[in-house]
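The residues making up each chain are set out below.
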Amino acid sequence: MNGALFPGQVDKPILRSYQPAQSFSVHLQQITFTMRLLSLLILTLSASTVFSQINIIPQPVSITQPKGSGNFTITTSTTIVLAGGNLEKSAQYLNDYLQLFYHIKLEVTKNNPGQNTIVLNFDRMDKGKGAYGMNVDQKGVYIGGDNEEGVFYGIQTLIQLLPIPLTQNAGSTKLSIPYLSITDYPRFAYRGLMLDAGRHFFPVSFVKKFIDYLALHKMNYFHWHLTEDQGWRIEIKKYPRLTEVGAWRNGTIIGRFPGTGNDGQRYGGFYTQEDVKEIVAYAQARYVTIIPEIEMPGHGGAAIAAYPNLSCFPDRTTKSEFPSNSFWSGDTTGKKVVQSWSVYKDVFCAGKEETFTFLQDVLDEIIPLFPGPYIHVGGDECPKDHWKQCPNCQKRMKDNRISDERSLQSYFVQRMEKYINSKGKTIIGWDEILEGGLAPNAVVMSWRGEKGGIEAAKQKHQVIMTPSDYVYLDYSQLKKEDTLTIGGYIDLEKIYKYEPSPKELTAAQSKYILGAQGNVWSEYIAYPATLEYMIFPRATALSEVVWTPKVKKNWDGFQKRMQTQARRYELWNAQYCKACLTKSSTK
Ligand code: TNX
C-alpha cells in the first residue's frame, strides 16, 4: 500500500465542521473569538486523553476490561511481531495507517522481544473466516486471528482503539490503548457494498478509497457495477468500441428524471485492464473480494451503442425509444449511449447467437481479471417489448419450446450460467432471475423487498439481502434533503434496525442468507464527495447489521459510538451527513 491508504488525500485541516460563528458586532466578535480559543483549548487537551475510549463499530461479540484499568501506549519503539505466517500485508496496513494519521512507523520483526509489542498470530477459534481474539495488557497488544482475515479485522479494531488526533498533523497524539480482551467474529459471511460506476464514473483513486471504507468497517465484498445503458466502464480488448464508443455519452439530463434539460457535456470514462489488476490487488490486501457485474439481458444500452447488432432492431434509433419530449444532446441518429435514467427497452437480443458469442467473449476477459468466486450477471429490469416483436427471439422460443418471454430470460441467464460455471465461477443475479425458473446454482440478490430472497432460500439457493426500502444508499437520508437524490427515504435508524434474516424462514432455510449489501446507485451521485455524503453514516450502520450478533445490537449505544466515528470520518477527510447524527424531529 505504501502510503496509498486513501489515495489522493490532501493534507488539510480536518476540523471542517467547526466553522466560525457569525458575529454581528465587534463585541460579539470578541466573545466569539474568546469562545473559539477556549473550545480549541478544550479540544486540544482532550485530544490526548478523552477519545481513547472504546467505541468500536461494528460492535464486537465480547469486550472485557480487567479490574483496575491501565493503558498500553504505542511509541516509536513498539514493534510489530509477525508470529504467524503471511501477515506481512496486515502489518503493512497497520503501519501505513499509523504513518498517515499519526506520523509514526513501527519496526516489523519475526523475533518477539517479549514486551512493547503488537503481536500478530493465529489462534483456532472455529468461528469462521474473520474471527479474532485480542488482548491488551502491559506487554502490549496481542491479536490472534483464526485466519488471515481475522488478524486483519483485529487490526481494524486496534485502529479504532487509538485516540483520534484533531488534525492530520497530530504526530504528538499519545497512542494509549486501554487494557482489554476482545473476542469477535462476523454474524454474516457476506458483508458488502455495491458501487454503480455505470451512471457516473469514479476514478481509480476513489475506487481504492471505497475499498478502504469497506475494510475499515470489516466488510468483505465490493460489488462493482461496471456496465449500464449510460456507460460501459471496463476495457475489453476484443471489442474496443465498448470503451471507444460505449464509455462516453454526449450529455446528461439535468435534475431529477425526466429532467429539466440536458447539460450538453460529453461525459465518460473507463477502467483499463491494468487499472482493474491494480484495484484487485489493492482489495486483496484488505481481504475484500470484488464481484464484477456485467449486466444482461437488460441495461446493455452502452454496449448496443458500440455494437448495434446486439439489439433485436439495430436500425431503430435509440432516441426513438424515448418520449419525444425527452432531453438529448448531440447527434441523435443511430444507436447512442443513453443520457437519461430509468429503464430502457433496447436490450440484448436473446434470439441471435451473436449476442451469446459476444457476452462469452467479454466474460473470457473478465473472469481471469477477478480472482473471486462470483460473477454478477445483473438480470434486473429487462423489458420484454423487443423480444415480443423480434423474429429471432420468437424463433428461439419456438425451437426451444419456451412458452413466454419471461422464460426466454431464464433461458438466457441459464445459458450464461452454464458458461460461467464451466469456467469455475458462480453467478449472482438480481431477484428477477427467479422469474421463469432459477438457474441451478445461482445466488440471488433480493432488491425488490425480501420476497425474492425468501423464495430463493426456500428453493435452497443462496441469498444476499439488499432490499431497496432498507439499504439503498442512493435514497435520501434526511426528510428535508438539500442534495438531489433519486428520492425515497432511509434514515440512519431504519438501516441500523434492518434485520437481514427474515422471520418467514426456518432455521435451516435461513442458513441460505449469506448476508446483506448496501447499494450505491449513481444516477444522482456524480462526485466522490457526494458519494461519501450518501454512504456515511449509513454504511457504518450497515456494517453493524452484518457483523454484530443480533442480541448485541443497540441503537442508543450505536448513536453514542457514532460520535467517535464522526471524528474518524473527519480524520479520513471523508464527507458525511452531519445532520443525520443529531436527534431531531425536524429531520
Ligand atoms: C433499480 S436495483 C435498479 C437500478 C437503479 C436503482 C435506483 C436494481 C437491480 N436496479 O438500475 O439504479 O433502482 O435506486
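Please read these numbers as outputs of a predicted model, since none were measured by experiment.

Draft legend 1. Structural detail: empty space enclosed by the protein. In this structure the tally under the stated criterion is one cavity of 30 Å³ or more. Considering only enclosed or pocket space, the largest cavity measures out at about 40 Å³ in volume. Asp474, Thr483, Leu484, Thr485, Ile486, Trp521, Glu523, Tyr524, Ile525, Thr530 and Met534 together form the lining of the largest cavity. The class makeup of the residues in the lining of the largest cavity is six nonpolar, three polar and two charged.

Draft legend 2. Seen up close, the packing of helix H17 (residues 538–547) against helix H18 (residues 555–572). One can describe the packing of H17 onto H18 by two numbers: an axis separation of 11 Å at closest approach and a directional angle of 130°. Relative to H18, the element H17 lies oblique. Helix-helix and strand crossings are classified by hand; for H17 and H18 the assignment is right-handed. Facing H17, whose interface residues are Thr540, Ala541 and Glu544, H18 presents Phe558, Arg561, Met562, Gln565 and Tyr569. Residues of the contact of H17 with H18, tallied by class, amount to four nonpolar, two polar and two charged.

Draft legend 3. Highlighting the pattern of salt bridges. Tallying each qualifying case throughout the model produces 22 salt bridges. Residue Arg187 pairs with Glu499 through a salt bridge whose shortest N-O separation is 2.9 Å. Of this pair, Arg187 sits in the loop between strand E9 (180–184) and strand E10 (190–196) while Glu499 sits in the loop between helix H14 (492–496) and helix H15 (507–510), and the two are 312 residues apart along the sequence. Close ionic contact of Glu228 with Arg199 constitutes a salt bridge, the shortest N to O distance being 3.4 Å. Within this pair, whereas Glu228 is found in strand E12 (residues 227–228), its partner Arg199 is found in the loop between E10 and helix H4 (204–216), the two being separated by 29 residues in sequence. Assigned by exposure class, Glu228 and Arg199 land together as buried. When salt bridges with common partners are traced through the structure, they connect Asp196, Arg199, Glu228 and Glu523 into a single cluster.

Draft legend 4. Quick peek at the pairing of strand E3 (residues 79–82). In E3, alternate side chains face the same way, and those of Thr79 and Val81 on one face and Ile80 and Leu82 on the other are all buried. For the handedness criterion, the β-α-β arrangement of E3, helix H2 (residues 88–102) and strand E4 (residues 107–109) is classed as right-handed. The pairing of E3 with strand E5 (residues 117–122) spans four bridges and is classified as parallel. What sits directly across from Ile80, in E5, is Ile118.

The rules we used
Residues numbered from 1 in each chain as written. Predicted model: local features only at pLDDT ≥ 70, side-chain atom pairs only at ≥ 80, totals over all residues. Heavy atoms only, no water. 1 Å grid on protein atoms, 1.4 Å probe; cavity = no way out; pocket = protein on both sides within 12 Å on 5 of 7 lines; lining within 4 Å. Points joined across faces, edges and corners; volume = space filled by probe spheres on them. Nonpolar A, V, L, I, M, F, W, Y, C, P; charged D, E, K, R; others polar. Axes fitted to C-alpha atoms, helices over the stretch in contact; angles between N-to-C directions. Helix = DSSP H or I, 4+ residues; strand = E, 2+ residues; numbered from the N terminus. Parallel < 35°, antiparallel > 145°, perpendicular 65-115°, else oblique. Left-handed = near helix turned anticlockwise from the far one by under 90°. Contact = heavy atoms within 4.5 Å. Salt bridge = Lys/Arg side-chain N within 4 Å of Asp/Glu carboxyl O. Buried < 20%, exposed > 50% of the residue type's maximum accessible area, 1.4 Å probe, protein only. Right-handed = clockwise from strand over helix to strand, strands pointing away. Pairing = 2+ DSSP bridges.

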